[in-house]
Amino acid sequence: MRSYTSLIRHQGNQELLLFTELAIIGVIAKTPLHLHVEGLRGTGKTTILRAASSLLPLLYRIKGCMFNCDPNSPHCPRHHLLQEDEAKSFALEQVTIPFFEISHSAKIGTVTGTLDLTALTDTNRPEAAILPGTLPRAHRGIVLVDEINRLADTAPELTDILLDAMGTKPGRVQIEENGLPTVALPLEVSIWASSNPDEDPGSLADIRRQLSDRFDFMVQMKRPLEVGPLLAILNQDCKTKQGLSKALAADIELGLALARKATRVQDIMFPAAMLESIAEIYIKHHLESIRALEAIKTGAALHTVHRDGCQVGWDDVLAVTPAALRHRLDPEQLAAVLKDLQRERGLLDHTAAAAGSNLVSVDVNRSNPSSVSNTGKRGCQQEPGRWHRLIAWFRRLLSRKHDRYPKENRIDGSKAGRAAASGGGSKTSSQPGNPLDMPLVAPPSVAMPLWELDLEDSIIEGEVDDAPNH
């Protein structure tokens, strides 16, 4: 097995290395990601994914449980009916987070589960029992499928099983065997896959679009473009005993660092105004799958802890958005989405600076964006909830200012001035909806700064068009 930290980093594999580490953080934090890697053959996709298994830390399970039961949440046929105190009374053991592979020669029974012939043929106490397959044994871990585009083409029945396992979070696996009742189990697993889209049968999105959409991220693997990384690959000393020992020690250290980062995932806060911007992208660009938004939200939170941040920023969102959308949109649509997010980023940053406040954040694990928290994590101070409403009002106002005056009715200020000076004011004033037609009325009192207004005076609920004219 190759050491992960001994892998040579270059521009072509940076994205894959990043998302591999994000996925490991997600597995440890019980927020699994499904990761699909596309790239040319021989560029090291599978090598990186397999080497990442050396980073996986230990976890606790009920001793001897082949289904990898969590002592705090047992789920297998033997332990799922236990009370919490009964489950904790069982002996526990530490095992490495499971990392298994599904081969192209696999059968349904080896993937889901089948009849345990050892138990059935036990001369002392024969019984009909289930022998869990790859997916049930990988609960709370990772399953790798190499060249998944070929699997989707040659073994559609296994693809259907993956669809079930990846359809929701947690997923599910169903074990069916003659003579045994059907067993359906919850499945908390991260599916990793690779494919070569330039070879037969082609891209996964073209073969099985439903399966492609199940993946949170589609990462691109590219060739090294410089001689330096290639020489480093050829000259690395990890093949020697001393070099391998040093590399494995570095893997353990990195794995522990990722485990520490994973403990902070539940504390990461997602700015509510930013979350609203992402939701508006879904509506504006007619995205089909809500999984895309969920992937951006989860990925941005994991990217935040990966960089040791405490609140999701626009850099985190923009770092994961291309991988979340490139298998769901064509390149032109993806470019338009990224352009809109960049514009939203500038608008929100400018509005927040003008208000003199940080954005109010919501817990990234809450589904209700209105659930705000005013308590920062690790020194991150959150401002009162009124600022989010103020910023949201500004955003709607600025984003709709052009819609309120149709393009044909807008007049450049310099042209209007020249028209008035030449006596053309009457022609201009006859245009419908022209802002120059509005009478000039002095305000009843001196204007006050927004931050000195009471909440009910500064914030208007509902649409901007419904706001009073004062």
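Read on for a plain summary of the structure. In this text, all values refer to a predicted model and were calculated from it rather than measured experimentally.

The next point concerns the packing of aromatic side chains. Applying the stated criterion across every chain yields a total of 2 aromatic pairs. When the ring of Phe-19 is compared with that of Phe-217, the centres are 4.9 Å apart and the planes differ by 50°; the resulting orientation is tilted. Highlighted residues: Phe-19 in helix H1 (residues 14-28) and Phe-217 in strand E11 (residues 217-221), separated in sequence by 198 residues. Pair check on accessibility: Phe-19 and Phe-217 agree, each one buried. Note that Arg-137 overlies the ring of Phe-100, its terminal NZ or CZ placed 4.5 Å from the centroid.

Right, let's talk about the state of the cysteines for a bit. Here is the idea: a disulfide is a covalent bond, and it sits between the sulfur atoms of two cysteines. Going through the model one piece at a time under the given rule, you end up with 0 disulfides. The cysteine Cys-69 is free of any disulfide, with Cys-76 supplying the nearest cysteine sulfur at 3.6 Å. Accessibility expressed as a relative area gives 0% for Cys-69, which makes it buried. Take Cys-76: its relative accessible area is 2%, and that puts it in the buried class.

What the rule picks out here adds up to 18 salt bridges. With its nearest N and O atoms 2.9 Å apart, the salt bridge here joins Asp-70 to Lys-30. One end of the pair, Asp-70, is in the loop between strand E2 (58-62) and helix H3 (84-89); the other, Lys-30, is in the loop between H1 and strand E1 (35-39), and 40 residues separate them in sequence. You can call Lys-30 partly exposed: its relative accessible area is 48%. Residue Asp-340 pairs with Lys-284 through a salt bridge whose shortest N-O separation is 2.9 Å.

Reading the values: rules and limits
Residues numbered from 1 in each chain as written. Predicted model: local features only at pLDDT ≥ 70, side-chain atom pairs only at ≥ 80, totals over all residues. Heavy atoms only, no water. Phe/Tyr/Trp six-rings, centres within 6.5 Å; stacked < 30°, edge-to-face > 60°. Helix = DSSP H or I, 4+ residues; strand = E, 2+ residues; numbered from the N terminus. Buried < 20%, exposed > 50% of the residue type's maximum accessible area, 1.4 Å probe, protein only. Lys NZ or Arg CZ within 6 Å of the ring centre and 35° of its normal. Disulfide = S-S within 2.5 Å. Salt bridge = Lys/Arg side-chain N within 4 Å of Asp/Glu carboxyl O.

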